[in-house]
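Coordinate analysis (summary)
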Amino acid sequence: MRAWAAWAVRGAAVALAAAGLGHTLWHGVAEPGTALAFGALVALGELARRDHHGHRDAAGHPPAEDRRPAPLGSAAALTYALLGEAAGHPTRHGAFQTVSVVVAAALAAAVPHIARGGGPALDHVARRVLTVAFAAACFQPLYNSGRLEDWTGQGPYLVGFLLALLGLTALCDAVLAAALARAGTGWPYGPLLRDELRAQLGIGSAICATCVVMALGVAVAGLWALPVFSVPLLLTQLSFHRITAIRVTYRQTITSLARATEIAGYTRPGHARRVAALSCAVGRELGLSERELTVLEYAALVHDIGQLSLVDPVPAGATAELPAAEARRIAELGGEVARRTGVPAEVAVVVELQADPYRHQPVAARIVRTVNAYDDLVGATLHPAGSLAALEQLRLGTGRDHHPEVVESLARVLARGGRARVVPVRPG
């Protein structure tokens, strides 16, 4: 069913793109100068897009700031969809031409990305086509028939209508993005939709405001308004790229720190990355927010850092089989080490409390404790029957050590995916 939803979105986008291009070729381009200007601006926004392939969390999900990789292109496309006048003269382009201009610009801008090995970002283009078609279909017929002016005039009511329509368009985009993300990852739809809606509150709000200002500015001043109002959004886009790069570098630093226990021989190879990947999957199953997932990922990566303080390593690094007092002492040492490394205080708290009874733990610490125990049980020779025996052992500990909801979420994740997906982080 998830695959059908993704193919339905892509199929609808392809059908709309074909209809728009066919209609435009048959009837010709209305106001070619205006179409060229907006097409060039959409292409510029797409060219400024930077795909961070491999720069994802441990479960393979892109960061929130990377959800809208081309805000300038989005703003230009939506402005063209909501354009009723240019320099005081009514425009005659409709929804089909709007779609065709956006598709042509996206295809033209995809060539350099493909040449660099970045790929055409087909799902991103599909969302763009569908959301622009929705906005244009809602606005252009009403404006061209004169009914919108009869209802709102040219004052604040028109601005309110544009903002409301852009809000509905943003909601449509979030629904489509969550559907495509669910098809690609299998995570529950509700938390994915919530994350997309939260992402819309950031750069999405800037895009909507810029669209209204650009549409009204072009209506009065003509195409000269485009570069004036697009420069701030382009700078915002570049700032988002810089923030993304900083966070990627920080994640790589945390990952390198997590490998210290493996290099020193205290834990099995890949243990920290497996625990992080499976913890993020369980966190998404439980509906954690993006920020909570980031804290969870970092804490899962460094959860064994306290073992570096031990004189004698724990056999195979399996802290799940240690006495409660010893496991708690190692966790407290890990929290202290984590604080000294400069990780966020929330991460150090999760590391410190991971060995406590689950009734005294935050959700992230419950997840890390359960997933770490699962990986220890499966990886060691203690339970040769595999994951089923490990899950049964975890269920026996739900009275004190493991939260029942976390254990059942882990079981659902394992049943759906079979094993944790480990996404290596590139060194540069």
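Check the entry above for the structure.
Residues numbered from 1 in each chain as written. Predicted model: local features only at pLDDT ≥ 70, side-chain atom pairs only at ≥ 80, totals over all residues. Heavy atoms only, no water.

1. Things to note about the overall build of the protein chain
Across its full length, the protein chain carries 17 helices and two strands. For the protein chain, the residues scored as buried account for 52% of the 428 residues in total. Within the protein chain, residue pairs in contact and separated by at least 24 positions form 75% of the contacts whose partners lie at least 6 positions apart. Accessible area for the protein chain stands at about 19,000 Å²; split by element, carbon and sulfur atoms hold 65% of it. (Helix = DSSP H or I, 4+ residues; strand = E, 2+ residues; numbered from the N terminus. Buried < 20%, exposed > 50% of the residue type's maximum accessible area, 1.4 Å probe, protein only. Contact = heavy atoms within 4.5 Å. Areas by Shrake-Rupley, 256 points an atom, 1.4 Å probe, with all protein chains shown as cover.)

2. Description of the environment of Val218
With respect to the helices, strands and loops of the structure, Val218 is situated in helix H8 (residues 189-221). The exposure class assigned to Val218 is buried, which follows from its relative accessible area of 0%. Linking Val218 and Tyr80, residues 138 residues apart in sequence, is a C-alpha distance of 9.9 Å.

3. A closer look at helix H9 (residues 225-258)
Taking 1.5 Å per residue, 34 residues should reach 50 Å; H9 reaches 51 Å between its end C-alpha atoms and fits that length. Within H9, the axis deviates most sharply at Val231, by approximately 30 degrees, and proline Pro232 lies no more than four positions further along. (Expected span 1.5 Å × (residues − 1). Bend = angle between axes of the 7 residues up to and from the residue.)

4. So, the pattern of salt bridges
Applying the stated rule across the entire model yields 20 salt bridges. Among the salt bridges present, the one from Arg274 reaches Asp375, with a minimum N-O distance of 2.9 Å. Taken together, the residues span a long stretch of sequence, with Arg274 in helix H11 (residues 271-285) and Asp375 in helix H15 (residues 363-379) at a distance of 101 residues. On the basis of relative accessibility, which here comes to 11%, the residue Asp375 falls in the buried class. Among the ionic contacts, a cluster of salt bridges with common partners joins Arg194, Asp195, Arg284 and Glu290. (Salt bridge = Lys/Arg side-chain N within 4 Å of Asp/Glu carboxyl O.)

5. Some words on the packing of helix H7 (residues 156-185) against H8
Interaxial distance between H7 and H8 falls to 8 Å at its minimum, and their mutual angle equals 145 degrees. Of the two possible hands of crossing, H7 and H8 adopt the one that is right-handed. For the contact of H7 with H8, the per-class residue count stands at 21 nonpolar, two polar and three charged. (Axes fitted to C-alpha atoms, helices over the stretch in contact; angles between N-to-C directions. Left-handed = near helix turned anticlockwise from the far one by under 90°. Nonpolar A, V, L, I, M, F, W, Y, C, P; charged D, E, K, R; others polar.)

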